[in-house]
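For reference, the chains in residue letters:
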Amino acid sequence: MAPESAEKKRSRRNSKKRARAEVDQQLERLNNLPWSSSIPESIDGDGDGDNGFTALIGSNELQGGFLSLEEIDESEYGLELTKVDVEYEGGKLKGKTKSKKSKKTEDDADEGSGDEPYGESDGKAKESIVEDEKKESKQKKKKKSAKKKKKDHQKNNETTQSEDIAEPDAVSDVEDNDNVEDDSVDEEEYYAWNDLRLHPIIMKSIYRLKFTEPTPIQKACIPAAAHQGKDVIGAAETGSGKTLAFGLPILQRLLEEREKVERLTAEKGEANEMIAPLGVLRALIVTPTRELALQVTDHLKKVAIGTNVRVVPIVGGMSSEKQERLLRTRPEIVVGTPGRLWELMSGGEVHLMELHSLSFFVLDEADRMIETGHFRELQSILDALPMHREPTDTQPQDTQSCVTVASLQRKKRQTFVFSATLALSADFRKKLKRGSAHAKKDGLNSMEALSEKAGMRANTAIVDLTNASILANKLVESIIECREEEKDAYLYYLLSVHGQGRTIVFCTSIAALRRISSLLRVLSINVWTLHSEMQQRARLKSVDRFRANEHSILIATDAAARGLDIVGVRTVVHYQLPLSAEVYVHRCGRTARASTDGCSIALICPNDASKFASLCKSFSKESFQRFPVELSYIPEIMKRSSLAHQIDKITRKESQAKAERTWLERNAESVELILDDDDSEEDRVKKHRQNKVKSNQLTKLQQELNTILSRPLQPKAFSRRFLAGAGVTPLVQHQFEELSKQKHGNASSLDSNKRRKLVVIGQDCVEPLQALRNTNNEERLDLKEIAEKHKNSDNLRRKRKEMKKRMHEQRRKQRKKLQQREG
Ligand SMILES: Nc1ncnc2c1ncn2[C@@H]1O[C@H](COP(=O)(O)OP(=O)(O)OP(=O)(O)O)[C@@H](O)[C@H]1O
């Protein structure tokens, strides 16, 4: 090949230089283009980076409910909502909702390309830049999909527990937008949400949560609360999605408001005074229990992903300093229990005291708040809410020209009152409709008083979707009749023979809870406990552990009756009957949630008869299904239970004595006293002997129980060689595994040819709900029969008492006569 001439080389180098200079020039020009954001950097133009919201902080014109109803343009989001950009991908719709803003940005980009910022001569450079951009975006996409794959993989490995329970102080996850993108959505599946006209960001969360349709209570409450700005009183069965029935309207209105401020600032260059700044308290949600507050927070955080709305829980039992720190982040939504909320409010916590900006006030599980002796703090919180009071005789009436700020606030703050068991009188419903409801009593001892105090306005929407029985449709209720002293054995039977799925056992007293949990542990049944005397951390841990295992057991008092939302609770056992029908409803509501099924089993002893009868009366029930107890298991169950009782009694006594001793020693030590040992040598030897006997007895009992427990639980007429059945409980399975390991070990070490005794593993045990269904509802309980039995046992008891009294009287008279004769 001929060598290239020097001139040619020079001209090529020059042309390369020119091209490079052109590219540099274009890059320079691109850098100097104004950055196009839909939110101006600063409305006052000082360039300090404040956006329109923050610039408004400090405005004196703040009011609750910053958007008045007239200002809401319902059609704005209705049309937008269903706008899901859909691409077909392998026959499946791949949808991605786009907010107005992102669509605008896209349009701008299109327009930009039409504008042709490059000259004709810049064609090459433009092409190379476009090429580079394409490459970059391809790389970005690759990275993103790799990231997504990694995330999905991690997600699959995570347990449901870590998905469900969020650390109470983890508030920043609401800002995690990453996983919102690129969700593959079958648009048609979600058409039922269209009528609710929710914001596209909220819809994204709904797609992500895979809630294909709104629940009836959501369908009924969202239009009234989100689009008509009404107050709402909502009642629907447990597990029917009430949290989102008030949570979605709050988020919807906050998002609408934000977009409005963006629009106004963009259009007029100044923000409207009616619009709230970021970082003030907008919604206060009050719940009766700590667990519920944490759960509601968690739930709202999940739907608030991508909205930049912060949700924070404020509950007792946790460090106040930490919670004050959380409040310093100025979250828009605070969910809390009355005690801690009031503690911080009365301590002057600034964020919580900014109640003038409050637009939403929610009372979840409202009927619990009015129970006697509860929530004095709630009353104080309600008193602190800015409120327009009805004019009294002594107060002059507001004239039209003198409308107070407080009255505006009351007009604009929305109040939501929700529960599964709301008892509203017909009279109060009428009053609410007319807008003339006002409390006659000072306290909060009625729903009427509570609603009035919370500032419920005229024309409140009352959504009562509770059916006649108030219980979930798919719940199967049943009872086991037994004597008081047999309850433990029947509970053990249920948990060991029918122990599949998660089970919650409810007690009314903490003493009973402690006793049965200790007994069950002796019987090698692993249980978690939850009651109000536990430390908050331990309570959360229990719930956490219970969530983590699909066959776990939680023994709880009614502290866990309300609101606890744990997927896969299959059975609720009422070891002791609750004190009211409402609590029974809430206990049962821990199972059969969100349209799933579940069952409830109540252990009824003669002492419970009157409580049970009034329960039946409350639900107008005339019959109850009997749980089909397989009687052949009972002798073995009783034997185990009796052994466990004896062991438990001895160990309890021992630990009680030990605790008393250490208490005495500790106190003596604190006052520098030396404890005298009054016992004589003889006494000490006697005590020592007694202790030894007890300890031997305990070891013997323990050994006996261990031997029995190491064998699978078997019905009486049971052949060890031919076990067969439809299912095995986790406990029995574990026992079988242990047994088979033992057998296997022995067989290999001794005689490998020896035939093993264990042939088939199985047992005729099934999940409680299945067992109930298998009985085909044939065994129904006649309540009249129960009432008759109860009456008879009452009569018998009365007669015995009278007889005893008569005998006692006779003996006394005889003694008197004898004394007189002797005297
Ligand atoms: N539209 C929906 N589709 C499917 N599941 C939903 C929907 N909305 C809520 N859920 C789920 O239903 C379950 C129960 O919801 P939630 O806790 O709000 O019920 P609730 O009515 O408040 O119950 P409770 O009266 O016991 O407090 C939750 O796990 C929630 O994630």
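Everything numeric in this text was worked out from a predicted model, so none of it was measured.

What to know about the overall build of the protein chain
- Secondary structure assignment for the protein chain yields 27 helices and 17 strands.
- The buried share among the 823 residues of the protein chain stands at 43%.
- Sequence separation of 24 or more characterises 79% of the internal contacts of the protein chain that already satisfy a separation of 6 or more.
- Surface accessibility of the protein chain: about 46000 Å² in total, with carbon and sulfur atoms responsible for 49%.

Focus: the packing of helix 18 (residues 487-497) against helix 19 (residues 510-522)
- Closest axis-to-axis distance for the helix 18/helix 19 pair is 11 Å, and the angle between their directions is 55 degrees. When the interaxial angle is binned, helix 18 and helix 19 end up oblique. In the packing of helix 18 onto helix 19, the handedness of the crossing is right-handed. Contacts between helix 18 and helix 19 involve Asp488, Leu491, Tyr492 and Leu495 from the first element and Arg515, Ile516, Leu519 and Leu520 from the second.
- Class assignment of the residues belonging to the contact of helix 18 with helix 19 gives a composition of six nonpolar, no polar and two charged.

A few points about the pattern of salt bridges
- Inspection of the entire model under this criterion finds 21 salt bridges.
- The residue Asp298 makes a salt bridge to Lys302 at a minimum N-O spacing of 4.0 Å. Of the two residues, Asp298 and Lys302 both sit in helix 9 (residues 290-304), four residues apart, roughly one turn of that helix.
- Here Asp298 falls in the buried class, since its relative accessible area comes to 10%.
- When the shortest N-O distance is used, the salt bridge between Glu636 and Arg640 registers 3.0 Å. Here Glu636 and its partner Arg640 are both found in helix 23 (residues 634-670), four residues apart, which amounts to about one turn of the helix.
- Judged by its relative accessible area of 18%, Glu636 falls in the buried class.

Looking at unusual backbone geometry
- Despite not being glycine, Arg330 has its phi angle at roughly 55 degrees, a positive value.
- Counting through the fold element by element, Arg330 comes out in the loop between helix 10 (320-327) and strand 6 (333-336).

A short note on a positive patch on the surface
- Residues Lys9, Arg10, Arg13 and Lys17 make up a contiguous surface patch of positive charge.
- Summarising the element assignment, Lys17 is placed in helix 1 (residues 6-32).
- Judged by its relative accessible area of 57%, Lys17 is exposed.

Quick look at helix 24 (residues 681-710)
- In a regular helix each residue adds 1.5 Å, so 30 residues correspond to 44 Å; helix 24 covers 43 Å between its end C-alpha atoms and thus fits that length.
- Turning to helix 24, its buried residues number three or more, namely Leu698, Leu701, Leu705, Ile708 and Leu709.

Some thoughts on the pairing of strand 11 (residues 502-506)
- Within strand 11, five of the five residues are buried, which leaves it mostly tucked inside the rest of the structure.
- With five bridges connecting them, strand 11 and strand 14 (residues 569-574) associate as parallel partners. What sits directly across from Ile504, in strand 14, is Val572.
- Of the strand pairs in this sheet, strand 11 and strand 13 (residues 553-556) are connected by four bridges, and their pairing is parallel. What sits directly across from Ile504, in strand 13, is Leu554.

Remarks on the site of the ligand
- Close to the ligand lie 20 residues; Gly239, Lys242, Thr243, Asp565 and Arg593 are nearest.
- The separation between an oxygen atom of the ligand and a polar side-chain atom of Asp565 is 2.6 Å.
- Note that an oxygen atom of the ligand is positioned 2.8 Å from one of the side-chain N or O atoms of Arg593.
- Burial of the ligand by the surrounding chains reaches 88%, relative to a free accessible area of 640 Å².
- Residues of the shell around the ligand, tallied by class, amount to four nonpolar, nine polar and seven charged.

A short note on the sheet that holds strand 6
- Ordered in space as 5-6-4-7-8-3-9, the seven strands form an open sheet in which the pairing is parallel. Because the sheet does not close on itself, it has two edges, and the strands there are strand 5 (311-314) and strand 9 (461-464). With strand direction ignored, the average angle separating the axes of adjacent strands in the sheet is 15 degrees.
- As judged from the four bridges shared by strand 4 (residues 283-286) and strand 7 (residues 360-364), these two strands associate in the parallel manner. From the neighbouring strand, Ile285 faces strand 7, where its bridge partner is Val362.
- Seen against the sheet, helix 10 touches strand 5 and strand 6 and runs at an angle of roughly 155 degrees to strand 5.

A closer look at the nonpolar core
- In this structure, Leu491, Val505 and Ile555 are the most contacted members of the largest nonpolar core, which totals 47 residues.
- Elements that contribute at least two residues to this core include exactly strand 10 (475-481), helix 18, helix 19, strand 13, strand 15 (598-604), helix 23, helix 24 and helix 26 (768-774).
- In terms of residue count, helix 18 provides more of this core than any other element does, eight residues in total.
- The contact partners of Leu491, leaving out residues within four places of it in the chain, are Val505, Ile516, Leu520, Val573, Tyr575 and Leu603.
- Counting 45 residues, the second largest nonpolar core, distinct from the first, contains Leu198, Ala304, Phe360 and Phe416.

Quick notes on the UniProt feature "short sequence motif: Q motif" (unreviewed entry) in the protein chain
- UniProt's feature table lists "short sequence motif: Q motif" (unreviewed entry) at residues 191-219, given in the numbering used throughout.
- Split by type, residues 191-219 is 48% helix and 0% strand. Its first and last C-alpha atoms lie 13 Å apart.

Some details on the packing of aromatic side chains
- What the rule picks out here adds up to five aromatic pairs.
- When the ring of Phe246 is compared with that of Phe418, the centres are 5.4 Å apart and the planes differ by 55 degrees; the resulting orientation is tilted. With Phe246 in helix 8 (residues 242-268) and Phe418 in strand 8 (residues 414-419), the pair connects residues that are 172 residues apart, well separated along the chain.
- Residue classification places Phe246 among the buried positions, given a relative accessible area of 0%.

A short note on the environment of His227
- For His227, the position within the fold is in helix 7 (residues 216-227).
- The sequence separation of His227 and Pro249 amounts to 22 residues, and the corresponding C-alpha distance is 8.1 Å.
- At 2.7 Å, the side chain of His227 and the backbone oxygen of Leu196 are in polar contact.

A word on the side chain of Ser320
- Along the chain, Ser320 falls in helix 10.
- Residue Ser320 is classed as buried on the basis of its relative accessible area of 17%.
- A polar contact is formed between the side chain of Ser320 and the side chain of Glu343, at a distance of 3.5 Å.
- In contact with Ser320, not counting residues within four places along its chain, are Arg340, Glu343 and Leu344.

Thoughts on the confidence of the model for the protein chain
- Averaged over the protein chain, the pLDDT score is 72; the fraction of residues at 70 or greater is 62%.
- Low pLDDT (under 50) marks residues 149-182, which in the prediction has 56 contacts with non-local residues, meaning those over four places away or in another chain.
- Overall fold confidence for the complex sits at a pTM of 0.64, while the interface term, ipTM, reaches 0.98.

As for the packing of helix 11 (residues 338-346) against helix 14 (residues 376-384)
- For the pair helix 11 and helix 14, interaxial distance at closest approach is 8 Å and the crossing angle is 50 degrees. The angle between the axes of helix 11 and helix 14 places the two elements in the oblique class. The element helix 11 and its partner helix 14 pack so that their crossing is left-handed. Contact with helix 11, carried on its side by Pro338, Gly339, Leu341, Trp342 and Met345, involves Glu377, Leu378, Ser380, Ile381 and Ala384 of helix 14 and no other residues of that element.

About the criteria used
- Residues numbered from 1 in each chain as written.
- Predicted model: local features only at pLDDT ≥ 70, side-chain atom pairs only at ≥ 80, totals over all residues.
- Heavy atoms only, no water.
- Helix = DSSP H or I, 4+ residues; strand = E, 2+ residues; numbered from the N terminus.
- Buried < 20%, exposed > 50% of the residue type's maximum accessible area, 1.4 Å probe, protein only.
- Contact = heavy atoms within 4.5 Å.
- Areas by Shrake-Rupley, 256 points an atom, 1.4 Å probe, with all protein chains shown as cover.
- Axes fitted to C-alpha atoms, helices over the stretch in contact; angles between N-to-C directions.
- Parallel < 35°, antiparallel > 145°, perpendicular 65-115°, else oblique.
- Left-handed = near helix turned anticlockwise from the far one by under 90°.
- Nonpolar A, V, L, I, M, F, W, Y, C, P; charged D, E, K, R; others polar.
- Salt bridge = Lys/Arg side-chain N within 4 Å of Asp/Glu carboxyl O.
- Patch = residues over 30% accessible without salt bridge, like charges linked within 9 Å, V, L, I, M, F, W, Y side chains within 5 Å.
- Lys, Arg positive; Asp, Glu negative; His and termini not counted.
- Charge placed at Lys NZ, Arg CZ, Asp CG, Glu CD.
- Expected span 1.5 Å × (residues − 1).
- Pairing = 2+ DSSP bridges.
- Near = heavy atom within 4 Å.
- Polar contact = N/O pair within 3.5 Å; in protein donor to acceptor, adjacent residues only side chain to side chain.
- Core = buried A, V, L, I, M, F, W, Y, C linked by side-chain atoms within 4.5 Å.
- UniProt positions renumbered as here; feature names shortened; annotations may be inferred.
- Phe/Tyr/Trp six-rings, centres within 6.5 Å; stacked < 30°, edge-to-face > 60°.
- pLDDT = per-residue confidence, 0-100.

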